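Spelled out, the chains give:
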Amino acid sequence: MPIKDVLLPLVGEPDDRAIAAIEKCVAVAGDLAARIDAVAVQEDVSVRPALLASDDAVGRETVRGTTDARGLLRAFDDAATRFGVRHVQDLRRLPGDEIAPALAWQARLRD
């Protein structure tokens, strides 16, 4: 049975290693003539309200969040467009304890 639908879970930051891994996965999907579905997960973190001074770097980091899922999706979209691979992308905000089960469920639906 040929592989026609590939899942690419994206969690974390769009650093050089993550971008290289995205490009390799897209290239393999292109070689297989498969569609690639990227699911970027942003961990939903509860942040308690607080008044922050504009120079409070620690507070800004807490409010900013833990991952750059949109940056990962931009890198994925750029690679898929460059390689000419059919692709779909999805962004999900999930609590930390639901990330692995959600990705496992998505993987069950792919080749």
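Scroll up for the structure.
Residues numbered from 1 in each chain as written. Predicted model: local features only at pLDDT ≥ 70, side-chain atom pairs only at ≥ 80, totals over all residues. Heavy atoms only, no water.

What follows concerns the overall build of the protein. A tally of helices and strands in the protein yields four helices and three strands. Along the chain direction, N to C, the helices and strands of the protein fall in the order β-α-β-α-α-β-α. Counting across all 111 residues of the protein, residues that qualify as buried make up 31%. Here the contacts in the protein between residues at least 6 apart in sequence split such that 79% fall between residues at least 24 apart. A total of about 7,300 Å² of accessible surface is found on the protein, and carbon and sulfur atoms cover 55% of it. (Helix = DSSP H or I, 4+ residues; strand = E, 2+ residues; numbered from the N terminus. Buried < 20%, exposed > 50% of the residue type's maximum accessible area, 1.4 Å probe, protein only. Contact = heavy atoms within 4.5 Å. Areas by Shrake-Rupley, 256 points an atom, 1.4 Å probe, with all protein chains shown as cover.)

Taken together, the side chains of Ile3, Val28 and Leu32 present a nonpolar region at the surface, about 230 Å² in accessible area. In this fold, Leu32 is placed in the loop between helix 1 (16–31) and strand 2 (35–43). (Patch = residues over 30% accessible without salt bridge, like charges linked within 9 Å, V, L, I, M, F, W, Y side chains within 5 Å. Salt bridge = Lys/Arg side-chain N within 4 Å of Asp/Glu carboxyl O.)

Positive phi outside glycine occurs at Ala33, with the angle close to 55°. Counting through the fold element by element, Ala33 comes out in the loop between helix 1 and strand 2.

The subject of this paragraph is the sheet that holds strand 3 (residues 87–94). The parallel open sheet is built from three strands, whose spatial order is 1-2-3. The sheet is open, and its two edges are formed by strand 1 (5–11) and strand 3, each paired on a single side. On average, each strand axis in the sheet is tilted by 20° relative to the strand beside it, whichever way the strands run. As paired strands, strand 2 and strand 3 are joined by eight bridges and run parallel to one another. What sits directly across from Ile36, in strand 3, is His87. Helix 1 rests against strand 1 and strand 2 of the sheet, and its axis sits at about 175° to strand 1. (Pairing = 2+ DSSP bridges. Axes fitted to C-alpha atoms, helices over the stretch in contact; angles between N-to-C directions.)

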